[in-house]
Amino acid sequence: MRSALLLTALAAASVLLGCGRGEQKAVRAPCPSGEACLEMGVGAEPTSLDPHRSSGTWERQIISDMLVGLTDADAAGEPVPGMATHWTTSADALTWTFFLRDAKWSDGVPVTADDFVAGLRRIVKPELAAEYAALVYPIKNAAPINEGKLPPEQLGVRAIDRRTVEITLEHPAPYLPYLLLHHVAFPVPKHMVDKYGDDDWMKPGNYVANGPYKLVSWSLGDRVVVVKNPLYWEADKLCFTRIHYYPTEDRISGERQVLSGTLDTHTPLVQNRIAYLRREYPQYLRTHQSLSTQYLFFNNTLPMWKDRRVRLALSMAVDRDFMTTKVRGMGEPAAYSFVPPGMPNYTPLPPPEWASWPLEKRQAEARRLLSEAGYGPKKPLKFEFMMRGYDPTGTYAAVQADWKQIGVQAVLNTTETQIAYQNYQIRDYVFGEAGWVADFPDAMNFLYLLDSKTGAHNYGGYNNPAYDALLAQANLEPDVQKRAAILRQAEQLMLDDIPIIPLFTYVTSNVTSPKLSGMVENPGDTHRARYMCKAELKK
Amino acid sequence: MLRFILRRLLVAIPTLFVIVTATFFLMRAAPGNPFDGERKLPPAIMKNIEARYGLDKPLIVQYGDYLADVVRGDFGPSLKYTGKSVNQIIAENFPTSLKIGLPALILATFLGILLGVIAALKHNRWPDYSAMAIAILGICIPTFVTAPLLVLIFAVKLSWLPIAGITQGLKSYILPVIVLSLPLIAVISRLVRAGMIETLNSNYVRTARAKGLPEHTVVIRHALKTALLPLVSYLGPACAAIITGSLVVEKIFGVPGLGKSFVLGALQRDYTVVMGVVILYAVLVIALNLIADVLYAVLDPRVKLT
Amino acid sequence: MTASTLIPGMRDGSKDMQAVAGRSLWDDARRRLFRNRLAVAGMAVLGLLVLAAAIGPFLVPFAFDEVTKTDVYLRPLQSGHLLGTDYIGRDMLARILVGLRVSLGVGITATIVSLVIGIAYGATAGFIGGRVDEGMMRIVDVLYALPFVFFVIVLMVAFGRNIFLIFLAIGAVEWLTMARIVRGQTISLKQAEFVEAARAAGMSGAGIVFRHIVPNLLGPVAVYVTLTIPQVILLESFLSFIGMGVQEPLTSLGTLISIGANNMELATWLLIWPALFMVVLLMSFNFIGDGLRDAIDPKDR
């Protein structure tokens, strides 16, 4: 009797918890009649909707659906004409001229070249204290203006007439069209900023847009609501007329809301659920290799890391294949170089010879190197490994176990993320880990991190004058091919020194309803809502 | 009694002052600042930001400025959410926390007392054991397990309730309220049970029984009244904690409450947000403790309020 | 645990009673405790768990931090892993036993800290009363209103991170409620006849508190202790969650459960087993607490 009861209960439970795939009757947020609503989980609460005061990818999603720069992203994230219909470049690659289309802000005021000049001057002016200002430093005089050494009027950007913008650069930057589709380079409605000031022009009610959608409301922790901007030049092509952005901080909850049909798309995902999603919901899971590198680094200013053999041994002993295939399992490629694969105008460096050895051979070699360097069972290498916050994936526990195999004792120290960064910056640590995601697709965006002139942001304190000189040389080279060759030479020089241990390339992850079209996976995880649609909404 | 309340209200002012002062300096003693991140800001930009929020002044001056603002009811701008003031954040999020916290509190108190009384009356018999089994499960399963589990059953598999968010009206609040009240039910029922068992064996309840009073009168009028004493002590601060929100519930259910501001504010060093929430919380704790003490006196005539 | 820390002081206090009763109050309590079948079962299970935490890790054929690369996400009973393996191929049984050790350590140490501070503080405030009580309770109010997370962050960063500090930090926060409960009870008790009698007999204040009031508080305190231990264990896991807890490869039951909750649909054993250990552990504490309450409550006599 009792066991029969138990069995029934178990059966009931397995029905509840077990299979039963497919989209159920979705519980969706109310959508006003006559509107086509897109429900989007962006993964975090925006700290600001000001294009010049935000830095997160979730903020980028919302802001880029409302504002458009000189260039814009296509569905795959590649630059296409935005507010500028076309542009020309001078022979020395230093002066770029952009020709604007006839467009209006959502309040009917025309978008002019002055709005772009105002936008770029705004992000570098010291009073705005924009965190991301350094991104536009390739523009002439941007750095000294940002540091308060020159007035904003000296910035290398001017309005030739109402519809022509000219940008002058410090050095050739073939990636400028990519940079201009980033929100740091977005225009601001000068008439509104002049009227309401830097803080209040972006409040709902004042915020005017030149892009496909305009702001309706933003309630903290709940959602941001935007609706179609009828004055957008391609307003008739928009499929969705209203978008709700949710700060889906709980990633599993966001994922479940998409699977049940409450949301149409959500990002990012919890690492160790990828395998499950790939198995059970392959049509929902979307991933793409990104332009990023996760790496470990030595505090190269410490005497204990002076010996290259020690650094090489530690790099060799890390089993990147186990890490990427078993521990992370998202399809991340193992990395042996710093610039990730897929970088435009760049050929990745080949992995070192030992990368193809079996793990046992690498471990044996690593042990030999360590003992040559004076370490052994009697005098094991022991150090503290500072991590940025809690790692639920077990990636660093796996690295720790790898090193234990060669007799190295790494003590993991989980430190609050921002405190870890602070310690890295002042070099108050022994060994650390960090990830870098490209701000714009160019090898220089990675390699400059190890330039000794980069200062605090060169966490490992790598200092090699030959490397610095090569980077300076590349910066002055207008020819894209020659520039790439110099950069490759620099990277090889640096990798041979082993100041860092590259681990893998990150993969972007979205869970998206198969009904949602127009979302093309791309390295930058750039998805403009204007290209999205649902089969049932197509006219 | 009135004198007691008045005096406590007077004492509340220096208490609040001490809390504000202690939190202010404790927070500034913690390493880090709200603008630290992956990219070290160039010193020039850092200086601009600090000037913008007055963080470049000596700490004691900042403290003075802050106190002056607080007295005027202005908690300042959030350092992390540019464009939102702390007053605005509290005004937007506190009502949501209340909407979940109050029903959870009422539900938990009602069910907790009910379970506790039943368990005590049937002491060492099966209703006692089953009530306490429920209570123990409620205590020892963390909310970060119950929340996703209930979501999995009622939202994902059965589709009766929304998975997250507050866009579905009343339905949106059911799961968060239940999850929030579960551990509370457990604690309350145990406290009530312990108190009831003790008072049911006490002399005056025996006397009341001996006088031939009906059992329900004995239980409700005599025993329960005394048995609720430990509960009253417990509920004061618990109530303040519950209506100011819970990080886990807010995160898993995507509810815009104040609990997140508390924890994330502290982690991100959003000084003004933490200060604002701490002050709100402190006022609630002081007020609710005062109410608890008054109730204590009302329920237990042996206690003199002086 | 509760009783053993306090028995010496109390045994003295009941001397006069002993003369009348002809036997020790505490012998009596012990007899009653051992007559309570649930409490005995609780003690037996707790004893087993403590034993498992102490020597278990030496008996399991796998080390708790041993990564077996071919054995990621193994179900229970595969390749000699009794409870399966986790996301990087570590034996779950070994990890649970170590987690049990850490959780027991955190729970008991922090609770003892909170118990000692809470009882001393609450009984003193309640017994002296008046301005002293007022002042002491306002201090409790102030501490209540301070953000716990912040307190811990400051401790961690200022003094470095280790488990001992986590114990201390949690214990130093958890005593507040204990103090309030003890104070409330003390105020009620101090008007009781036997306290009046002791006072009339010329007993000192401290003597009355520790010989008469504290022993009488043990009922509600024992109950609250059984509530505090799970709270402490859960708080510890919350700390691990926000990156302030036990360092990998070490773990705790709370941490294991929180990781398991993320894996609910794909690897149920990562949640079920640690959760089962946690429930059994806390249940045994609860039964012991209840038994203790019934046994040492002098009003039952």
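Residues numbered from 1 in each chain as written. Chains lettered and ligands numbered in written order. Predicted model: local features only at pLDDT ≥ 70, side-chain atom pairs only at ≥ 80, totals over all residues. Heavy atoms only, no water.

**Regarding the packing of aromatic side chains**
Step number 1: Applying the stated criterion to the full structure yields 37 aromatic pairs over all chains.
Step number 2: Ring centres of Y421(A) and Y424(A) lie 6.3 Å apart, and the angle between their planes is 90°; this geometry places the pair in the edge-to-face category. Of the two residues, Y421(A) and Y424(A) both sit in helix α13 (residues 417–425), three residues apart, roughly one turn of that helix.
Step number 3: Three or more aromatic residues joined by ring pairs form one cluster here, namely Y295(A), F297(A), F338(A), Y421(A), Y424(A), Y429(A), F446(A) and Y459(A).
Step number 4: A cation sits over an aromatic face here: K379(A) above Y375(A), 4.8 Å from the ring centre.
Step number 5: The ring of Y271(B) is capped by R28(B), whose NZ or CZ atom sits 4.2 Å from the centre of that ring. (Phe/Tyr/Trp six-rings, centres within 6.5 Å; stacked < 30°, edge-to-face > 60°. Helix = DSSP H or I, 4+ residues; strand = E, 2+ residues; numbered from the N terminus. Lys NZ or Arg CZ within 6 Å of the ring centre and 35° of its normal.)

**Considering the sheet that holds strand β6 (residues 157–161) of chain A**
Strand pairs in the sheet, formed through backbone hydrogen bonds, run parallel or antiparallel to each other.
Residues and elements named next belong to chain A.
Step number 1: If you walk across this open sheet you meet the four strands as β4-β5-β7-β6, and the pairing is antiparallel. The sheet terminates laterally at β4 (84–89) and β6, the two strands that pair on one side only. Taken pair by pair, the neighbouring strands of this sheet meet at an average axis angle of 25°, ignoring direction.
Step number 2: Bridge count for β4 against strand β5 (residues 95–100) is five bridges, and the pairing is antiparallel. Bridged to T88 within β5 is T97.
Step number 3: Packing of helix α3 (residues 113–124) onto the sheet brings it into contact with β5, β6 and β7 (164–168), and relative to β6 it is tilted by some 175°. (Pairing = 2+ DSSP bridges. Axes fitted to C-alpha atoms, helices over the stretch in contact; angles between N-to-C directions. Contact = heavy atoms within 4.5 Å.)

**Details of empty space enclosed by the protein**
Step number 1: Summed over all chains, the structure comprises 16 cavities of 30 Å³ or more.
Step number 2: By volume, the largest cavity amounts to about 190 Å³.
Step number 3: What lines the largest cavity is a set of 17 residues, among which L220(A), Y81(B), N93(B), K260(B) and S261(B) lie closest to the centre.
Step number 4: At five residues, the largest contribution of residues to the lining of the largest cavity is made by helix α12 (residues 259–268) of chain B. (1 Å grid on protein atoms, 1.4 Å probe; cavity = no way out; pocket = protein on both sides within 12 Å on 5 of 7 lines; lining within 4 Å. Points joined across faces, edges and corners; volume = space filled by probe spheres on them.)

**As for the nonpolar core**
Step number 1: Ranked by size, the top nonpolar core spans 255 residues in total, and within it I167(A), M196(B) and L281(C) carry the most contacts.
Step number 2: Looking at which element gives the most residues to this core, the answer is helix α13 (residues 271–299) of chain B, with 16 residues.
Step number 3: A domain-level breakdown of this core finds at least three residues from each of domain 1 (2–71) and domain 2 (91–299) of chain B.
Step number 4: Residues in contact with M196(B), not counting those within four places in the same chain, are V117(B), A120(B), V219(B), A223(B), L224(B) and A227(B).
Step number 5: Listed in part, the 36 residues of the second largest apolar core include Y336(A), V399(A), W403(A) and I406(A). (Core = buried A, V, L, I, M, F, W, Y, C linked by side-chain atoms within 4.5 Å. Buried < 20%, exposed > 50% of the residue type's maximum accessible area, 1.4 Å probe, protein only. Domains from an automatic or database assignment.)

**As for helix α16 (residues 480–497) of chain A**
Residue and element names in this part refer to chain A.
Step number 1: For α16, built from 18 residues, the straight-helix expectation of 26 Å at 1.5 Å per residue is met to within 8% by its first-to-last C-alpha distance of 26 Å.
Step number 2: Those residues of α16 not exposed but buried are R483, A484, I486, L487, A490, E491, M494 and L495.
Step number 3: Each element contacted by the buried residues of α16 is listed here: α14 (444–447), α15 (465–475) and β17 (500–504).
Step number 4: In this structure D479 caps α16, since a side-chain oxygen of it lies 3.1 Å from the backbone nitrogen of Q481.
Step number 5: I498 lies just past α16 and shows a positive phi near 50°. (Expected span 1.5 Å × (residues − 1). Polar contact = N/O pair within 3.5 Å; in protein donor to acceptor, adjacent residues only side chain to side chain.)

**Observations regarding the packing of helix α10 (residues 229–243) of chain B against α13(B)**
Residues and elements named next belong to chain B.
Step number 1: The N-to-C vectors of α10 and α13 enclose an angle of 160°; their axes lie 9 Å apart at closest approach. Comparing the axis directions of α10 and α13 gives the class roughly antiparallel. For the element pair α10 and α13, the recorded crossing hand is right-handed. For the pair α10 and α13, contact is made by L229, V232, S233, G236, P237, C239, A240, A241 and I243 and by Y281, L284, V285, L288, N289, A292, L295, Y296 and L299, respectively.
Step number 2: Of the residues that constitute the contact of α10 with α13, the class distribution is 15 nonpolar, three polar and no charged. (Parallel < 35°, antiparallel > 145°, perpendicular 65-115°, else oblique. Left-handed = near helix turned anticlockwise from the far one by under 90°. Nonpolar A, V, L, I, M, F, W, Y, C, P; charged D, E, K, R; others polar.)

**Section: unusual backbone geometry**
Step number 1: Residue T267(A) is joined to P268(A) through a cis peptide bond whose omega torsion reads -5°.
Step number 2: Along the chain, P268(A) turns up in the loop between β11 (265–266) and α8 (274–280).
Step number 3: Positive phi is not limited to glycine here, since N141(A) has a value of about 70°.
Step number 4: For N141(A), the position within the fold is in the loop between α3 and α4 (142–146).
Step number 5: The phi angle at Y73(C) is positive, at roughly 55°, despite the residue not being glycine.
Step number 6: Inspection of the secondary structure puts Y73(C) in the loop between α4 (37–59) and α5 (92–128).

**A word on a nonpolar patch on the surface**
Residue and element names in this part refer to chain B.
Step number 1: Among the surface-exposed residues, L107, F110, L111, L114, I118, I174, I178 and L182 lie close enough to one another that they form a single nonpolar patch of about 620 Å² accessible area.
Step number 2: When contributions to the nonpolar patch are tallied by element, the ones reaching two or more residues are α4 (86–121) and α7 (171–200).
Step number 3: Counting through the fold element by element, L111 comes out in helix α4.
Step number 4: Exposure remark for L111: the relative accessible area of 30% places this residue in the partly exposed category. (Patch = residues over 30% accessible without salt bridge, like charges linked within 9 Å, V, L, I, M, F, W, Y side chains within 5 Å. Areas by Shrake-Rupley, 256 points an atom, 1.4 Å probe, with all protein chains shown as cover. Salt bridge = Lys/Arg side-chain N within 4 Å of Asp/Glu carboxyl O.)

**As for helix α2 (residues 57–66) of chain A**
Step number 1: Taken across its ten residues, α2(A) has eight buried, putting it largely inside the fold.
Step number 2: Turning to α2(A), the residues buried within the fold contact β1 (37–41), β8 (213–219), β9 (223–228) and β10 (242–246) of chain A.

**Some details on the interface of chain B and chain A**
Step number 1: On the side of chain A, 53 residues touch chain B, which itself brings 47 residues to the contact.
Step number 2: Counting each side, the surface lost to burial between chain B and chain A is near 4,400 Å², with a carbon and sulfur contribution of 54%.
Step number 3: Between the two partners, chain B and chain A, sit two salt bridges.
Step number 4: The partner of E249(A) in a salt bridge is K260(B), and the shortest N-O contact between them spans 3.6 Å.
Step number 5: Where chain B packs against chain A, one counts three residue pairs in polar contact (both at pLDDT 80 or more).
Step number 6: Put simply, the parts of the chain that give the side of chain B that touches chain A at least two residues each are α2 (43–52), α4, α6 (143–157), α11 (247–253) and α12 of chain B. (Buried area = accessible area lost by both parts, 1.4 Å probe.)

**Describing the environment of F35(B)**
All names here are of chain B.
Step number 1: Residue position: F35 is located in the loop between α1 (2–29) and α2.
Step number 2: Residue F35 is classed as buried on the basis of its relative accessible area, which comes to 7%.
Step number 3: Separated by 252 residues in sequence, F35 and A287 have C-alpha atoms that sit 35 Å apart.
Step number 4: Leave out the neighbours within four places in its chain, and F35 touches L41, M46, I49, Y53, L55 and L79.

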